[in-house]
Amino acid sequence: MALRIERSALLGPSGFEPVKRNDLENLEIDLVLEGIYQQYGFDFRDYARGSIKRRLWRRAYAEGLESISGLQERVLHDQDTMNRLLEDLSINVTSMFRDPEFYLAIRQKVVPLLRTYPFIRIWNAGCSTGEETLSLAILLREEGLIDRTKIYATDINENVLDLAKQGVFPLDKMRDYTENYIAAGGKTAFSEYYTANGQGARFNESLTENIIFAQHNLASDRSFNEFQMIVCRNVMIYFDRSLQERVHGLFYSSLGMSGVLALGRKESIKFTRHASAYEEIDVNEKLYKRVR
Amino acid sequence: MPPEGVPPFELVVVGASWGGLQALRWLLEGLTDDFPTPLVVAQHRSSDSSDVMVRVLQSHSPLAITEASDKDAIEPGHVYIAPPDYHLLVEPGSLALSTEGFVHHSRPSIDVAFESAADAYADRLVGVILTGANTDGSAGLKRIRDEGGVTVVQDPATAARPEMPSAAMAAVKGAKVLPLRKIAPFLVEICR
Ligand SMILES: C[S@@+](CC[C@H](N)C(=O)[O-])C[C@H]1O[C@@H](n2cnc3c(N)ncnc32)[C@H](O)[C@@H]1O
């Protein structure tokens, strides 16, 4: 949404009507997001409002501030506050083989398609700390495809990318991940893929050899290749409809014909004008194939 | 007050936890297919629960019950259930999802749904807290009251677990406290 000033805020004294509290708050949010964009280049202007409002307030309270305007003043003058806000604004929750049925559907319905290519490029957009990327790599390894695959895993947040590159995850998560892995049709013992050490579970480097982690902002950066598959789950839920539309345009122009688009469980392409370019591969798991 | 012919409320949000499925069944059974106001339900549920909940509730209601998807439009005649493992946020006219951390050990959290709904609908909103064994929803219900919306709490004596409605009553003085079977008739009365 572009910077929008409510008409009532501009009326002179004669026609003065006080701005409703909510409208005023929305105005403050517009202003701080515009400021962040102009000062730091991060474009959160078209993120979904409800969620962004929660995150802004969370940061404001944590800084001991009582208004979004107060946060704006602080953020524009202080890089450290901005960095902390960035962490709040990027929600990085993820896990390995999250939604096992999704991976099962990839095995059964997408792998046969991928097999037809001599070389496979996959874009994992909004990869967070890499659990999803690694899950895909494990699956492709078990299907005998990893050696001819390159996975481009991108995120807006450099801190999560640094963690992703290390490939070390908390040991206490391994039990859940093992269950997920089995439910996802895993073919061996999950523990074969990592070694436990003092820091956690370190995943075998042979898995990450074909992964390239890089920073990429879906809201402002361009397409950088043509892919046979794009996996972007639980990222666009943070965008408003206009930004979702733009990103769908980006994905459409980055997918080869018959390329596969994979979205999160509760996302859909039905709202975008690109919907008609896709055929459903699996309705529940939100797997789509580009057909025009 | 909205003009003649326009329903006074645009949305009913319902929060439930322990024992909620049964309570929701009762509530929905009391609403006929001409109930004019859409409902959004945040029910605490485990991350691997399937669509059983939707099926159970659907067999007791003439309204269209679905698990919410991101950016779903909010339409009359519909009941939207927060999907497992996501927070549900209400925006003006539509729904949004988030996977941010647990709030009150829950995802979906009732507070997240209620607070965003209060922001979006202010005094055109009704909030209902049903049975539960924790305090999620109290802050959200208070926010609904502060924005001028109507607040309803299930009488703890009629709840499978009284903690959640009791906490909501303590947080929101003046909330309408009703036994479970009277909540649907009350909604019908005020929403027409
Ligand atoms: C909830 S995580 C999803 C992780 C993983 N895909 C999954 O489903 O488990 C959302 C990720 O999207 C990233 N993100 C948010 N805005 C972005 C943008 N404009 N461009 C690229 N990544 C973005 C966040 O940094 C975060 O890591």
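The following refers to the structure shown.

### Considerations on the state of the cysteines
Residues and elements named next belong to chain A.
- Counted under the stated rule, the structure contains zero disulfides over all chains.
- Counting only cysteine sulfurs, Cys232 is the nearest neighbor of Cys127, a cysteine outside any disulfide, at a range of 10 Å.
- For Cys127, a relative accessible area of 1% corresponds to the buried category.

### Observations regarding the sheet that holds strand 5 (residues 200–203) of chain A
- Pairing is antiparallel across the open sheet formed by three strands, whose spatial order is 3-5-4 (chain A). Here the strands that pair on one side only, and so sit at the sheet edges, are strand 3 (168–169) and strand 4 (194–197) of chain A.

### Observations concerning the nonpolar core
- With 73 residues, the main nonpolar core has A:Leu218, A:Phe239, A:Phe251, A:Leu261 and B:Leu11 as its most contacted residues.
- It is helix 3 (residues 110–121) of chain B that contributes the most residues to this core, six residues altogether.
- For this core, the domains that each give at least three residues are domain 1 (10–89) and domain 2 (100–290) of chain A.
- Once residues within four sequence positions are removed from consideration, A:Leu218 is found in contact with A:Trp123, A:Ala125, A:Cys232, A:Val235, A:Phe239, A:Val247, A:Leu250 and A:Phe251.
- If you look at the next biggest cluster of nonpolar residues, it comprises 43 residues, including A:Ala105, A:Ala137, A:Leu161 and A:Val260.

### Things to note about the site of the ligand
- The environment of the ligand is formed by 22 residues, the closest being A:Tyr47, A:Asn92, A:Thr94, A:Asp155 and A:Asn217.
- Bordering the ligand are residues originating from chains A and B.
- A:Glu132 is positioned such that a nitrogen or oxygen atom in its side chain is 2.9 Å from a nitrogen atom of the ligand.
- Look at the ligand: alone it shows 600 Å² of surface, and the protein chains cover 99% of it.

### Quick look at the environment of B:Arg55
All names here are of chain B.
- Positionally, Arg55 belongs in helix 2 (residues 52–58).
- Residue Arg55 is classed as exposed on the basis of its relative accessible area of 55%.
- C-alpha of Arg55 to C-alpha of Val150: the two residues are 95 residues apart in sequence and 29 Å apart in space.

### Notes on the packing of aromatic side chains
All names here are of chain A.
- As enumerated under the stated definition, the model contains 21 aromatic pairs over all chains in all.
- A ring pair is formed by Phe190 and Phe203, whose centres lie 6.0 Å apart and whose planes are at 55°; its orientation type is tilted. Here Phe190, found in the loop between helix 9 (174–183) and strand 4, pairs with Phe203, found in strand 5; they are 13 residues apart in sequence, far enough to count as distant.
- Since its relative accessible area comes to 4%, Phe203 is described here as buried.
- The ring of Tyr37 has Arg45 sitting right over it, with the charged end atom 3.8 Å from the ring centre.

### Description of the pairing of strand 7 (residues 227–232) of chain A
All names here are of chain A.
- When you tally the buried positions in strand 7, you get six out of six residues, the bulk of the element.
- Where strand 7 lies against strand 8 (residues 255–263), five bridges are found, and the strand directions are parallel. When the sheet's bridge partners are listed, Val231 is paired in strand 8 with Ala262.
- In this view, the connection linking strand 7 to its parallel neighbour strand 8 by way of helix 11 (residues 241–254) has right-handed handedness.

### Describing the packing of helix 3 of chain B against helix 4 (residues 138–146) of chain B
All names here are of chain B.
- Direction vectors running N to C along helix 3 and helix 4 enclose 10°, while the axes themselves pass 7 Å from each other. Looking at the two axes, helix 3 sits roughly parallel to helix 4. Residue-level inspection shows Asp111, Phe114, Glu115, Ala118 and Asp119 of helix 3 in contact with helix 4, the latter providing Ser138, Ala139, Gly140, Leu141, Arg143 and Ile144.
- Split by residue class, the contact of helix 3 with helix 4 holds five nonpolar, two polar and four charged.

### A short note on the packing of helix 1 (residues 20–29) of chain B against helix 6 (residues 180–191) of chain B
Residue and element names in this part refer to chain B.
- For the pair helix 1 and helix 6, interaxial distance at closest approach is 8 Å and the crossing angle is 40°. Between helix 1 and helix 6, the crossing angle belongs to the class labelled oblique. The element helix 1 and its partner helix 6 pack so that their crossing is right-handed. In contact with Ala23, Trp26 and Leu27 of helix 1, helix 6 contributes Leu180, Ile183, Ala184 and Leu187.

### Topic: the pairing of strand 3 (residues 64–67) of chain B
Residues and elements named next belong to chain B.
- Side chains Ile65 and Glu67 of strand 3 all project onto a buried face; the interleaved residues Ala64 and Thr66 project onto a face where none is buried.
- Taken together, the four bridges between strand 3 and strand 4 (residues 78–81) define a ladder with parallel strand orientation. Residue pairing in the sheet places Ile65 in a bridge with Val79 of strand 4.

Rules and cut-offs
Residues numbered from 1 in each chain as written. Chains lettered and ligands numbered in written order. Predicted model: local features only at pLDDT ≥ 70, side-chain atom pairs only at ≥ 80, totals over all residues. Heavy atoms only, no water. Disulfide = S-S within 2.5 Å. Buried < 20%, exposed > 50% of the residue type's maximum accessible area, 1.4 Å probe, protein only. Pairing = 2+ DSSP bridges. Helix = DSSP H or I, 4+ residues; strand = E, 2+ residues; numbered from the N terminus. Core = buried A, V, L, I, M, F, W, Y, C linked by side-chain atoms within 4.5 Å. Domains from an automatic or database assignment. Contact = heavy atoms within 4.5 Å. Near = heavy atom within 4 Å. Polar contact = N/O pair within 3.5 Å; in protein donor to acceptor, adjacent residues only side chain to side chain. Areas by Shrake-Rupley, 256 points an atom, 1.4 Å probe, with all protein chains shown as cover. Phe/Tyr/Trp six-rings, centres within 6.5 Å; stacked < 30°, edge-to-face > 60°. Lys NZ or Arg CZ within 6 Å of the ring centre and 35° of its normal. Right-handed = clockwise from strand over helix to strand, strands pointing away. Axes fitted to C-alpha atoms, helices over the stretch in contact; angles between N-to-C directions. Parallel < 35°, antiparallel > 145°, perpendicular 65-115°, else oblique. Nonpolar A, V, L, I, M, F, W, Y, C, P; charged D, E, K, R; others polar. Left-handed = near helix turned anticlockwise from the far one by under 90°.

Function cannot be inferred from these measures alone, as they are strictly geometric.
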